[in-house]
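# Examining the three-dimensional arrangement
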Amino acid sequence: MQKFKTKSAKALLLSVSAFALVFGGCNAADTKTDTPKAHVEEMAQKTANHDKFTFANYDEIRVTHLDLNLDVKFDEKVLDGIATLDFKRVLQDANVLVLDSRDLLIKAVSVADKNGEWVPAAYTLGESDPALGSALTIQVGDSAKKVRIAYRTSPEAEGLQWLPPEQTAGKKHPYLFSQAQALNARTMAPLQDTPAVRITYTATLRTPPELLALMSAEQDGGPLDGEYSFNMPQPIPSYLLAIVVGDIKFKAINDHIGVYAEQYILDASAAEFEDTPLMEDSNAKLYGPYRWGRYDLIVLPPSFPFGGMENPRLSFMTPTLIAGDKSLTNVVAHELAHSWSGNLVTNSNWRDAWLNEGFTSYVENRVMEDLYGEDRAVMEQALGLEDLKRDIAGAERPELTQLKLPADIAHPDEAFSQVAYVKGQFFLMFLEERFGRDNFDAFLKEYFNHFAFQSITTEDFITYLHDELHVKNPKALTKAELHEWVYMPGLPKSAKNPQSDAFKNVSAQQADWLKGDIAAKGIKTADWSTHEWLHFLNTLPELSQAQYKELDTAFSLTGTQNAETAFAWYMQTIKGGYAPAMGELENFLMSVGRGKFIYRLYGALAESKDGKVWAQDVFSRAKSGYHPIAQRRISEGFEAK
Ligand code: BES
Ligand code: ZN
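Thresholds, definitions, all that
- Residue numbers here run from 1 along each chain, matching the order of that chain's written sequence.
- Labels follow written order: the first chain is A, the first ligand is 1, and so on.
- A pLDDT threshold of at least 70 governs which residues receive local features in this predicted model, and a stricter bar of 80 or more applies before side-chain atom pairs are shown or counted, although totals over entire chains, interfaces and linings include all residues.
- The basis for the side-chain values is all heavy atoms of the structure; hydrogens and waters are excluded.
- We count a stretch as a helix when DSSP gives it H or I for four or more residues in a row; a strand needs E for two or more, and each element gets its number in order from the N terminus.
- Each radius of gyration is computed over the set of C-alpha atoms, and the globule rule expresses the reference value as 2.2 Å times the number of residues to the power 0.38.
- A 1.4 Å probe rolled over the protein chains alone gives each residue an accessible area, and that area as a share of the maximum for its type sets the label: buried under 20%, exposed over 50%, partly exposed in between.
- Every residue pair with non-hydrogen atoms within 4.5 Å of one another is taken to be in contact.
- The protein chains shown are the only cover counted for residues, whose accessible areas, like all others here, come from Shrake-Rupley with a 1.4 Å probe.
- For the purpose of counting charges, residues Lys and Arg are taken to be positive, whereas Asp and Glu are taken to be negative. His and the chain ends are not included.
- The atom standing in for a charge is NZ when the residue is Lys, CZ when it is Arg, CG when it is Asp and CD when it is Glu.
- Note on aromatic pairs: the rings of Phe, Tyr and Trp (six-membered ring only in Trp) are paired at centre separations within 6.5 Å, and the planes decide the class, stacked below 30 degrees, edge-to-face beyond 60, tilted for the rest.
- Pairing between strands requires that DSSP locate at least two bridges from one strand to the other.
- The donor definition counts N, O and S atoms within 2.8 Å of each metal and applies 3.2 Å to Na, K and Ca; water is not among these atoms, so some sites may look incomplete.
- Think of each axis as a best-fit line through the C-alpha atoms, taken over the contacting stretch in the case of a helix, with angles from 0 to 180 degrees between the N-to-C directions.
- An angle counts as roughly parallel when it lies under 35 degrees, as roughly antiparallel when it exceeds 145, as roughly perpendicular when it falls between 65 and 115, and as oblique in every other case.
- Take the far helix as your reference; a near helix turned counterclockwise from it by less than a right angle gives a left-handed crossing, and one turned clockwise gives a right-handed crossing.
- Throughout, the ten residues Ala, Val, Leu, Ile, Met, Phe, Trp, Tyr, Cys and Pro are labelled nonpolar, Asp, Glu, Lys and Arg are labelled charged, and all others, Gly among them, are labelled polar.
- In this context, the arc is that of the directions from the helix axis out to the C-beta atoms.
- Residue proximity to a molecule or strand is established when one non-hydrogen atom of the residue lies within 4 Å of it.
- Polar contact is the term for a pair of N or O atoms within 3.5 Å; when the atoms are in protein, one must be able to donate a hydrogen and the other to accept it, and sequence-neighboring residues count only if both atoms are side-chain atoms.
- By nonpolar core we mean a set of buried residues, namely Ala, Val, Leu, Ile, Met, Phe, Trp, Tyr and Cys, connected to one another through side-chain atoms within 4.5 Å.
- For the domain bounds, the source is a domain assignment made automatically or taken from a database.
- Values of pLDDT, ranging from 0 to 100, describe the predictor's confidence in every residue of the model.

### Brief notes about the overall build of the protein chain
Looking only at helices and strands, one finds 19 helices and 22 strands in the protein chain. Taking 641 residues into account, the globule formula puts the C-alpha radius of gyration at 26 Å, and the protein chain, at 25 Å, falls close to it. With respect to the three principal axes, the spread of C-alpha positions in the protein chain is 85 × 65 × 50 Å. Counting only residues that meet the buried cut, the protein chain has 58% of its 641 residues in that class. At a minimum sequence separation of 6, the contacts of the protein chain that also span at least 24 residues come to 72%. As presented, the protein chain carries roughly 25300 Å² of accessible surface, and 53% of it is formed by carbon and sulfur atoms. Computing the positive centroid from 64 side-chain charges and the negative centroid from 86, the protein chain places the two 3 Å apart.

### Quick word on the packing of aromatic side chains
All chains considered together, the criterion is met by 44 aromatic pairs. Considering the side-chain rings of Phe 451 and Tyr 464, the 5.2 Å spacing of their centres and the 70 degrees angle between planes classify their relative orientation as edge-to-face. Of the two residues, Phe 451 is situated in the loop between helix H9 (437-450) and strand E22 (454-456) and Tyr 464 in helix H10 (residues 458-470); the sequence distance between them amounts to 13 residues. Classification of Phe 451 as buried rests on a relative accessible area of 9%. A residue is classified by how much of its surface remains accessible, and Tyr 464, at 7% relative accessible area, is buried.

### Re the pairing of strand E2 (residues 78-89)
Most of E2 sits out of view: 10 of its 12 residues are buried. Bridge count between strand E1 (residues 61-73) and E2: 12 bridges; the pairing is antiparallel. Paired with His 65 across the strands is Asp 86, a residue of E2. Where E1 folds back on E2, the antiparallel hairpin that results is connected by 4 residues, among which Lys 77 adopts a positive phi of roughly 55 degrees. Where E2 lies against strand E8 (residues 146-152), 7 bridges are found, and the strand directions are antiparallel. When the bridges of E8 are listed, Asp 80 appears paired with Arg 152.

### A look at the coordination of the zinc ion (ligand 2)
For the zinc ion (ligand 2), the protein coordination sphere consists of His 334 (NE2), His 338 (NE2) and Glu 357 (OE), at 1.9 to 2.1 Å. Sequence spacing of the donor residues for the zinc ion (ligand 2), all on one chain, is H-x3-H-x18-E. Of the two residues, His 338 is situated in the loop between helix H5 (330-337) and strand E21 (345-347) and Glu 357 in helix H6 (residues 353-372); the sequence distance between them amounts to 19 residues. Accessibility classification places His 338 together with Glu 357 in one group, the buried group.

### Observations concerning the sheet that holds strand E18 (residues 295-299)
What the 5 strands build is an open sheet, ordered E16-E17-E18-E20-E19; its pairing is mixed. The open sheet has two edge strands, strand E16 (249-252) and strand E19 (308-309), and neither has a second partner. Relative to strand E17 (residues 257-261), E16 runs antiparallel, the two sharing 4 bridges. Bridge pairing in E17 places Ala 252 opposite Gly 258.

### A word on the packing of helix H17 (residues 595-607) against helix H19 (residues 628-640)
Their axes nearest at 10 Å, the elements H17 and H19 cross at an angle of 20 degrees. The pairing of H17 with H19 is recorded here as roughly parallel in orientation. As for how H17 packs across H19, the hand of that crossing is right-handed. Contacts between H17 and H19 involve Ile 598, Tyr 599, Tyr 602 and Ala 606 from the first element and Ile 629, Ala 630, Arg 633, Ile 634 and Phe 638 from the second. Residue classes in the contact of H17 with H19 are distributed as 8 nonpolar, no polar and 1 charged.

### Regarding helix H16 (residues 582-591)
For an α-helix, the turn length of 3.6 residues means that residues three or four places apart are oriented alike. Those residues of H16 lying buried are Leu 585, Phe 588 and Leu 589. The arc that holds every buried residue of H16, seen down its axis, measures 95 degrees, which confines them to one face. Where H16 is buried, its residues touch helix H15 (563-576), H17 and helix H18 (611-622).

### Re the site of ligand 1
In the vicinity of ligand 1 there are 15 residues, among which Gln 181, Gly 307, Glu 310, Glu 335 and Tyr 421 approach most closely. A distance of 2.6 Å separates an oxygen atom of ligand 1 from a polar backbone atom of Gly 307. Contact with the protein chains removes 88% of the 510 Å² of surface that ligand 1 exposes when unbound.

### Remarks on the nonpolar core
Counting residues in each nonpolar core, the largest one holds 151 residues, and the members touching the most others are Phe 427, Tyr 447 and Phe 461. Of the residues forming this core, the biggest block, 10 residues, is contributed by helix H8 (residues 418-435). Lining this core are residues from two domains, each supplying at least three of them: domain 1 (61-242) and domain 2 (266-487). Residues within four places of Phe 461 in sequence aside, it is in contact with Trp 354, Leu 355, Phe 359, Phe 427, Leu 428, Leu 431, Phe 443, Tyr 447 and Ile 456. Membership of the second largest hydrophobic core comes to 50 residues, among which are Val 506, Leu 551, Ile 574 and Leu 605.

### Focus on the confidence of the model for the protein chain
Chain-level pLDDT for the protein chain is 93 on average; 93% of the residues reach the 70-or-more range. Considering only residues more than four positions removed or in separate chains, one finds that residues 1-21, a stretch of pLDDT under 50, has 35 contacts. Low pLDDT, under 50, characterises residues 23-34; the predicted model gives this stretch 18 contacts beyond four residues in sequence or across chains.

### Here's the deal with the sheet that holds strand E12 (residues 212-215)
Read across the open sheet, the 4 strands follow the order E9-E10-E15-E12; overall the sheet is antiparallel. The sheet is open, and its two borders are formed by strand E9 (160-163) and E12, each paired with just one other strand. Taken over all neighbouring pairs, the strand axes of this sheet differ in orientation by 10 degrees on average, direction set aside. For E12 and strand E15 (residues 243-246), the ladder comprises 4 bridges, and the chain directions are antiparallel. If you follow Met 215 over to E15, its bridge partner there is Ile 243.

### Focus: the pairing of E17
Burial within E17 is extensive, with 5 of its 5 residues counted as buried. Across the two faces of E17 the burial is the same, with Ile 257, Val 259 and Ala 261 and Gly 258 and Tyr 260 all buried. In terms of strand pairing, E17 meets E18 through 5 bridges, oriented parallel. Its bridge partner lying in E18, Val 259 is registered against Leu 297.

Below, the structure is given as structure tokens:
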């Protein structure tokens, strides 16, 4: 892992004073040392915001534009071609450009001289770190503004999944999709792979002629001819670079929103996501106009390791959302919400991931409330809170339950627990409650506008909150409360406790059944949505074998088609060692690659009696179908147990 880089003295003082501005200087309880100098250093260390997951020297020289010209070679499983990067000097005498790369074969590097002629440039590829890859250090001299790199990716690139035809639904054509967040853009192209840097991009992709290529950008809209060009005119962080190539069809939802998918699931996807235009309206009404032109969704193959990914103009979605009843479309609201929180205003460091995910979970929930009413929004808050409490209880160390994560997180993966999502959401709900909904809505709308197309830190947010909201309502909130929410572990007592009448009813019936007062068949589930089922299943204690059987017989839970319900049920059956579910659990693990489900299923199996060997066997057979990210995460999980 790269050594922690220290900031310039001026930057250090700035981040310390932003902190002091709101918190009124140091709190004695935080101070481990007595001398003022040592204390400044300690606070500076705590608030240092340089991204340590990049080799890029972005404080000295910054890439501003990326052009990709690539052949998509399915036979070799590589992208092969040229990346041309425009850059500008932050320090006028900077003459070295350091880029991130991981598993890239660098063939040649040249820079444009004063006359615009390409001349070979000296470069070195540093030692390889398993997560960060290698620094690509290029001598760019003192006048060049462009560098050109001929390269190819590796068939093992963690950010790319190459599916052979057998692993697609259509079975006739191969498929490729990327996943750049958090550290994998550097496995696709050499670049400054940090959310602190924003770039515009253009690209030309050559593919087999029968396949369609898409990117997180404007498309040329030309015919299916094996050559596609793209333009992303708004500056984006590298983790939003995205590619997908396959036998993909399109169905419009309105004039600027539509769905891409393999044919088998196209109509069902368009139906499931038909409310997306309403979500956009709701989001825009609350937080200002959608700024990215089109908004399309693509439903990927089941190995996609996330629920959704907010690639600009083209959110990537798991097919496990297609439940037939729109019960899981909060994920669409979530990815769309990132068009404001995340894509427009981005965390400049993964320690501040809550600025992306917490804000997005908050906005998602506001949109769900606006469209479907408070009951559904409150149920989703309550389900989130159950997950958050589990993650807080299971945290490896308390600092990982702070919104502002400590400087020594080992990998950005650590930044994406329910703490960033749900604690972040509940913090904003708390602020909303204290300042009043109207004031807070106006504040957030202006926040997105003020920081649009910038990458910021938690301290930037706090300073803005202080200046724009707190000074006008100084009594609404104390410094100690703010400090507790942002810089302290756990969940503050001031967090809302969402009360769902529907869930109370579910709990009451669950209690009656557990006491033996009613039979499972007597539980009135006819009106239950997926949410009520999830609450019922997630809150079950360990049952007797007869009780599992009774539930399973009454409600056919084993093998259920709703992936969320199936997951919740299998977590319970693993805990209780209910063997009749194992066959369908195996089918689930063999066919679904969504990390949220499979990491925890494998984790629970590895801890259960006799489960580890069974799970390792299933994994050995399922593995080749999983995304490289999921393969790594599950292997690491087995090693840790
Ligand atoms: N940006 C995330 C997915 C992600 C996180 C990818 C970290 C790589 C590293 C996306 O917006 C997300 O949060 N997806 C959730 C959706 C949910 C919270 C509604 C998911 O995948 O489950
Ligand atoms: Zn998200």
